[in-house]
Amino acid sequence: MSDPQTLASLTRPSRTPMLTKLPGLLEPHRIILLLIFIVGLVAAIQLMDWSWLPRYLPKLWEGLQMTLIMLVSSVVVGFLIALPLGLAQVKGAWPLRWLATGFCTVIRGTPLLLQLWLFYFGLGALFGQFPEIRDSWAWDYLRQAWPYGFIALTVSFAAYQGEVMRGAFAGVPHGELEAAKAFGMSRRKVFSRVWFPRAVHRALPTLTGEIILQLKSTPLVATITVMDLYAVITQVRQTTYLTYEPLLFLVAVYLCLSGVLIVGLRWLENRVPQH
Amino acid sequence: MANVPAIEIRDLHKQFGSLKVLKGISLTACQGDIVAIIGGSGSGKSTLLRCINLLERPTSGEIAIQGEPYRMKDARHGGLEIADRRQVQRIRAHLGMVFQNFNLWPHRTVLENVIEVPIHVLGMKRDEAIHRAEELLNRVGLGSKKDIYPAVMSGGQQQRAAIARVLAVDPLAMLFDEPTSALDPELVGEVLSVIRDLAAEHRTMLLVTHEMAFARDVATHVVFLREGIIEEQGPPDQIFGDPRSPHLKQFISSVA
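Residues numbered from 1 in each chain as written. Chains lettered and ligands numbered in written order. Predicted model: local features only at pLDDT ≥ 70, side-chain atom pairs only at ≥ 80, totals over all residues. Heavy atoms only, no water.

Asks: Please clarify how the overall build of chain B should be interpreted in this entry.
Replies: Scanning chain B from terminus to terminus reveals nine helices and twelve strands. The C-alpha radius of gyration of chain B comes to 18 Å, within 12% of the 18 Å expected for a compact globule of 256 residues. Its C-alpha atoms give chain B principal-axis dimensions of roughly 50 × 45 × 35 Å. Counting only carbon and sulfur atoms, one obtains 46% of the accessible surface of chain B, whose full area is about 11,000 Å². For chain B, the separation between the mean place of its 29 positive charges and that of its 31 negative charges on side chains is 5 Å. (Helix = DSSP H or I, 4+ residues; strand = E, 2+ residues; numbered from the N terminus. Rg over C-alpha atoms; globule rule 2.2 N^0.38 Å. Areas by Shrake-Rupley, 256 points an atom, 1.4 Å probe, with all protein chains shown as cover. Lys, Arg positive; Asp, Glu negative; His and termini not counted. Charge placed at Lys NZ, Arg CZ, Asp CG, Glu CD.)

Here you go:
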């Protein structure tokens, strides 16, 4: 990374102080990449048809919100389920361990799309057959599509992250737990003060990847009529007969979301140096 | 009070499966005693130390800390198990242990490592714990490192931080499990000098070590363990200057 700088300072010694002070973005190769990007962006704006954008902005905004709701809720709830799943696999009694391992294996071994459809078309239709459910307050939710999207995404995230947490719990060095024990911590304290935070910390790099994958799984809910960003874009394509512009817009939005997630989680990771 | 031994071990046996590691150890450490436990690899010295705070559960025998015996009960498959977890936790909190591999908590800064037990086990107020921890870190020469994480420190610094962590609970007795064995040779000195300082204060210590010169220098009592029994014990000058057992003679000449 410092190569262009050192090279520059060798060839043009008089400007060394200024060059070394340049922020990372202004290194020569980055400037070129940035220029290419800007040219592409300007070309896309000038040469393509974006007249639909203002008209659909409110809908797109709603779609983005739905995408984010799906992502955040399934990640948060899925993670909360993943903790006992991981713990049960590491330390549970055999029935629990067996259940948790079975759950993770089945869910991870089948396509998310299939699970989504089984929940929506299977469970959804099943619920409708019971008058007790149809007449209850829950029907207001169960007749909509998004609860099934949320359930499928959550279950999937829980299974993948459960496996990650299993590794993370098992991987905390024994000596660190033993030290906690040797200082008179109760089992609960050992867990809450050392085992759990260490496991989460160890799982963070993988968690980042899982969350990005989860973001990219959210468009699947469009197949069961949940109006997320992808569904809105599909609608745009169908009414405007445009292909590339809406899709490019989608690319840009997902890239931005991934970027924000990566930067945020990287910051979390780097707060504590690893071995 | 003064006559109650800090640590009293009576006829301690420990067995892993069919392997007998400790075969009847009796040992008493009074207030201010510095007991060095030496012996070859596999002689059971680490196991003995780890039995004292019940990190290993003895197969039989009795251990009393400050006159209070651990309440144990017979386990279903032989051996003993803890009968009163609360009691064990309370006693452990006052027996500081220093590990071979330091075992600092890497997700906490040095200062946080030192205040962890006082706050979350002993219930000390945070301000007071921080104040004391800063003093202790200054003492072990880490005053300027209090806000960094263990992963970026040298082994010697980590071990000194681990010693500060033990001092923070104001222990009845300190248990050192080969505190310098995992260190690069040039870092051994800084840790030993911290321990030497503590010895000068007449803190009660049990020290499993391979540093014979150091043991001779600071210990008040030396125990030579071989194949799970105490083969010889006595004041350091006698153990190192005039060993009786042929095994001890051989051991001393082999490590010197």
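Asks: Just checking my understanding: could you explain the overall build of chain A for this structure?
Replies: When its secondary structure is counted, chain A shows 13 helices and zero strands. When the elements of chain A are put in sequence order from the N terminus, they spell out α-α-α-α-α-α-α-α-α-α-α-α-α. A compact globule built from 275 residues should have a C-alpha radius of gyration of about 19 Å, whereas chain A, at 25 Å, is more than 25% larger. Each principal axis of the C-alpha distribution contributes one length, and for chain A these read about 75 × 65 × 30 Å. For chain A, the computed accessible surface area is about 16,100 Å², with 71% contributed by carbon and sulfur atoms.

Asks: Is there a simple way to think about the interface of chain B and chain A in this case?
Replies: By a widespread convention, an interface's size corresponds to the accessible area lost as its parts come together. Listed per partner, the contact involves 27 residues of chain B and 22 residues of chain A. Together, the buried faces of chain B and chain A total about 2,200 Å²; carbon and sulfur atoms form 62% of this surface. For the pair chain B and chain A, the interface holds two salt bridges. For Arg193(A), the salt bridge identified is with Glu116(B), shortest N-O distance 2.6 Å. (Contact = heavy atoms within 4.5 Å. Buried area = accessible area lost by both parts, 1.4 Å probe. Salt bridge = Lys/Arg side-chain N within 4 Å of Asp/Glu carboxyl O.)

Asks: Mind showing me how you'd approach the sheet that holds strand β4 (residues 60–65) of chain B here?
Replies: Sheets are built from strands paired through backbone hydrogen bonds, the pairs being either parallel or antiparallel. Residues and elements named next belong to chain B. If you walk across this open sheet you meet the four strands as β2-β1-β4-β5, and the pairing is antiparallel. With one partner strand each, in any of the chains shown, β2 (19–29) and β5 (68–69) form the two edges of the open sheet. Pairing geometry for strand β1 (residues 7–16) and β4, over five bridges, is antiparallel. Its bridge partner being in β4, Ile-9 is matched across the sheet by Ile-63. Packed on one face of the sheet, helix α1 (residues 45–52) meets β1, β2 and β4 and runs near 120° to β1. (Pairing = 2+ DSSP bridges. Axes fitted to C-alpha atoms, helices over the stretch in contact; angles between N-to-C directions.)

Asks: Please explain the pattern of salt bridges as it appears in this structure.
Replies: Here the idea is simple: oppositely charged side chains can pair when their charged atoms come close. Residues and elements named next belong to chain B. Within the structure shown, the criterion is met by 24 salt bridges over all chains. Residues Arg-71 and Asp-84 are paired through a salt bridge, measuring 2.7 Å at the closest nitrogen-oxygen approach. With a gap of 13 residues between them, Arg-71 in the loop between β5 and β6 (72–74) and Asp-84 in the loop between β7 (80–82) and α2 (85–92) connect regions that are remote in the sequence. Where Glu-201 meets Arg-203, a salt bridge forms, and the shortest distance between an N and an O atom there is 2.9 Å.

Asks: In this structure, what is going on with the packing of aromatic side chains? I would like to understand it.
Replies: Describing an aromatic ring pair means giving the distance of the ring centres and the angle of the ring planes. Evaluation of the coordinates by the stated rule reveals 13 aromatic pairs over all chains. Centroid distance Phe169(A) to Trp195(A): 5.3 Å. Interplanar angle 65°. Geometry classified as edge-to-face. Placement of Phe169(A) in helix α9 (residues 146–171) and of Trp195(A) in helix α11 (residues 187–217) is noted, with a sequence separation of 26 residues between them. Looking at Trp195(A), the relative accessible area reads 12%, which means it is buried. Between Phe224(B) and Phe251(B), the ring centres sit 5.4 Å apart and the planes meet at 40°, which makes this aromatic pair tilted. Pair noted here: Phe224(B) is in strand β11 (residues 221–226) and Phe251(B) is in helix α9 (residues 246–255), with a separation of 27 residues, a long-range link. Owing to a relative accessible area of 2%, Phe224(B) belongs among the buried residues under this scheme. The exposure class of Phe251(B) is buried, given its relative accessible area of 12%. (Phe/Tyr/Trp six-rings, centres within 6.5 Å; stacked < 30°, edge-to-face > 60°. Buried < 20%, exposed > 50% of the residue type's maximum accessible area, 1.4 Å probe, protein only.)

Asks: What's the story with the pairing of strand β3 (residues 34–39) of chain B in this structure? I'm lost.
Replies: On any regular strand, side chains alternate: one points to one face of the sheet, the next to the other face. Residue and element names in this part refer to chain B. Summarising burial for β3: six of the six residues are buried, a large majority. Alternating positions in β3 separate into two faces, Ile-34, Ala-36 and Ile-38 on one and Val-35, Ile-37 and Gly-39 on the other, with burial throughout. Where β3 lies against strand β10 (residues 205–208), four bridges are found, and the strand directions are parallel. By the bridge assignment for β10, Ile-34 is matched with Met-205. In this sheet, β11 lies alongside β3 in parallel orientation, the contact comprising five bridges. Bridged to Ala-36 within β11 is Val-222.

Asks: Please explain the sheet that holds β11(B) as it appears in this structure.
Replies: Residues and elements named next belong to chain B. With mixed pairing, the six strands of this open sheet are ordered in space as β8-β9-β10-β3-β11-β12. Single-partner strands in this sheet number two, and they are β8 (95–98) and β12 (229–234). Adjacent strand axes in the sheet meet at a mean angle of 20° when their direction is disregarded. Against the sheet, α9 engages β3, β11 and β12, with an angle of about 105° to β11.

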